[in-house]
Amino acid sequence: MLEGLYAAAAGMSAQQEQLDAISNDLANVSTTGYKAQRVGFEDLLYNQVNQAGTSTTTGAGALAGIIGRDGAQGSLQQTGRPLDIAIEGEGYFQVKLPSGQTSLTRNGALSLDGQGHLVTSDGSLLDPPITLPAKVSAAEVSIASDGTVSAGVTKLGQIQLVTVAAPDKLLADGHGGFTTTAASGAAKAAGTVQIQQGVLEGSNVDMGTEMATMMSTQRNYQLASSAIKTQDQMLAIANQLRSS
Amino acid sequence: MDLGLYIAATGMVAEQTRQDQLTNDLANASTPGYKPDHTPQRSFGEMLLSNTANGQPVGTIDMGVQLGSTVTDMTPAGMHDTGQPLDFGIVGPGFFAVKTAQGVRYTRDGQFSASATGQLVDQAGNQVLDQQGKPITVGAGGQVAGSALGVFEVPKAVKQGENLYSGSASGKGTGSVRQGALEESGVDAAKAMVDMIGSMRTYQSGQQAIQAIDQTLQAASTQVGSLSAPG
């Protein structure tokens, strides 16, 4: 008899999961290279009661979880900084985190560290690394659409793009980057390389969609909570059977 | 006389089941491709009452409420555009087929993604099948044409959770696949809320009937045969 209460509670916690994902997306509406989360809902197990000739099934609620990310291109924002680069189409920059781990990111806000290496905004080296000679300043660097980094006529290196079979299954590492998992497949060279200099890729979070989803999530949360209230009232009615 | 107690109780049990189903429907108000459940209620067979003194029939009495088998309302719901290249919805009747460890299962939730081996899979990692029952490879740029997905007609689909249905397909479904869209949950929130209130009040009526019969029984057991006036 208490199953109904738990089914409704499961529905509420599923909506909570969706709301958490929306909050995270909204908080990252200005994060360079951020990709919005996709939330999936599913129903839970069904309890089947067989009685003479009939079978009644009652469900156990719902479950939600983040099933991946929206792969859509974020809007390209002109910054004019020579070391800001953005990827058009598929692919990720491969960087070496200070911990030694490899990470994939679409945030191309690069800068120079003390030794003249090109590093991302959190200080990770590009992989393979690119070093500017001491006499070359950032303003002289030009980055071609195929990733060739040069100063004047001198080629300094090549920015390589990688991709994975299932970008949906990449694991966010909390620094704006992603690590590969068994489900995403290993990183391999991207098929096409299209890089723009002086541009950053904005977050692909769409405020309108997020707001609309937030409203429907809130309403559905409310519906599940009304269901709990009704279930509770029914239990109260059952409890009052012997009150007279 | 105490028959009435049990008749009222069957009504309460039936409303409890209805309430549990409505709760599950409301909990799944955001589940893509979810279909609401209904359990019909009908009366138990009537019983003929007869006069114990002379055997003359007096009339019939209903024995309360009996639950029928649960029916899932498979009416297609509206589509909601998501713009995600691997979201699919079936416009009209039919199911997508996925290959699970337990065999082929069917679903109307088309929220798919690519696997590490480049195949189209559902949320649990089960391969999505085409009309010939073969896995589908995600093409360049992470795209799959809607026409590549199989749509099957499953006459007696039974819900088993995780948005999956078991059953056996009998040919191609008449629905067409739309890419970049998901089917909304089939739950009508307003109707479910009204049904919920109605069901709760019916449950309460059952309780009132039981209490009334109980009071009558109490009077019979304490007042019949007593010489002094009650009070």
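Parameters and conventions
- Residues numbered from 1 in each chain as written.
- Chains lettered and ligands numbered in written order.
- Predicted model: local features only at pLDDT ≥ 70, side-chain atom pairs only at ≥ 80, totals over all residues.
- Helix = DSSP H or I, 4+ residues; strand = E, 2+ residues; numbered from the N terminus.
- Contact = placed C-beta atoms within 7 Å.
- Pairing = 2+ DSSP bridges.
- Expected span 1.5 Å × (residues − 1).
- Buried ≥ 20, exposed ≤ 12 C-beta atoms within 10 Å, placed from the backbone.
- Axes fitted to C-alpha atoms, helices over the stretch in contact; angles between N-to-C directions.
- Parallel < 35°, antiparallel > 145°, perpendicular 65-115°, else oblique.
- Left-handed = near helix turned anticlockwise from the far one by under 90°.
- pLDDT = per-residue confidence, 0-100.

## Digging into the environment of Gln21 of chain B
Consideration 1: With respect to the helices, strands and loops of the structure, Gln21 of chain B is situated in helix 1 (residues 3–27).
Consideration 2: Discounting residues that sit within four places of it in the chain, Gln21 of chain B has contacts with Thr58 of chain A together with Asp37 and Thr39 of chain B.

## Observations concerning the sheet that holds strand 8 (residues 87–91) of chain B
Consideration 1: One open sheet accounts for three strands, arranged 11-8-17 (chain B); its pairing is antiparallel. Because the sheet does not close on itself, it has two edges, and the strands there are strand 11 (110–111) and strand 17 (176–179) of chain B.

## Focus on helix 1 (residues 3–27) of chain A
Given 3.6 residues to a turn, an α-helix orients residues that are three or four positions apart in the same direction.
Consideration 1: Relative to the 36 Å expected for 25 residues at 1.5 Å per residue, helix 1 of chain A spans 36 Å between its end C-alpha atoms, a close match to the ideal helical length.
Consideration 2: Turning to helix 1 of chain A, its buried residues are Gly4, Ala7, Ala8, Ala10, Gly11, Met12, Ala14, Gln15, Gln18, Ala21, Ile22 and Asp25 of chain A.
Consideration 3: For helix 1 of chain A, the elements touching its buried residues are strand 1 (37–43), strand 3 (54–59), strand 4 (62–69) and helix 2 (207–239) of chain A together with helix 1 of chain B.

## With respect to the packing of helix 1 of chain A against helix 2 of chain A
Residue and element names in this part refer to chain A.
Consideration 1: Two elements in contact, helix 1 and helix 2, have axes whose closest approach is 9 Å; the angle formed by their N-to-C orientations is 160°. In terms of axis orientation, helix 1 runs roughly antiparallel to helix 2. When the axes of helix 1 and helix 2 are compared, the crossing they make is left-handed. Of helix 2, the residues touching helix 1 (which contributes Gly4, Leu5, Ala8, Ala9, Gly11, Met12, Gln15, Gln18, Leu19, Ile22, Asp25 and Leu26) are Glu210, Thr213, Met214, Thr217, Asn220, Tyr221, Ala224, Ser225, Ala227, Ile228 and Gln231.

## Looking at helix 2 (residues 189–223) of chain B
Consideration 1: Over its 35 residues, helix 2 of chain B extends 50 Å from the first C-alpha to the last, a length consistent with the 51 Å expected when each residue adds 1.5 Å.
Consideration 2: Listed in full, the buried residues belonging to helix 2 of chain B are Ala192, Met196, Ser199, Met200, Tyr203, Gly206, Gln207 and Ile210 of chain B.
Consideration 3: For helix 2 of chain B, the elements touching its buried residues are helix 2 of chain A together with helix 1 of chain B.
Consideration 4: Within two residues after helix 2 of chain B, Gly225 of chain B carries a phi angle of roughly 85°, on the positive side.

## With respect to the packing of helix 2 of chain A against helix 2 of chain B
Consideration 1: Where helix 2 of chain A meets helix 2 of chain B, the axes come as close as 10 Å, and the angle between the chain directions of the two elements is 5°. Relative to helix 2 of chain B, helix 2 of chain A is oriented roughly parallel. Seen from helix 2 of chain A, the contacting residues are Leu223, Ser226, Ala227, Thr230, Gln233, Met234 and Ile237 of chain A; seen from helix 2 of chain B, they are Ala189, Met193, Met196, Met200, Tyr203, Gln204 and Gln207 of chain B.

## Topic: the confidence of the model for chain B
Consideration 1: Residues with a pLDDT of 70 or more make up 98% of chain B, whose mean pLDDT is 89.
Consideration 2: Taken over the whole predicted complex, pTM reads 0.85, whereas the ipTM for its chain interfaces reads 0.82.

## What about the environment of Arg42 of chain B?
All names here are of chain B.
Consideration 1: Mapped onto the secondary structure, Arg42 falls in strand 2 (residues 41–43).
Consideration 2: C-alpha separation for the pair Arg42 and Ala97, spaced 55 residues apart in sequence, amounts to 35 Å.
Consideration 3: Setting aside its immediate chain neighbours within four residues, Arg42 contacts Gln66 and Gly68.

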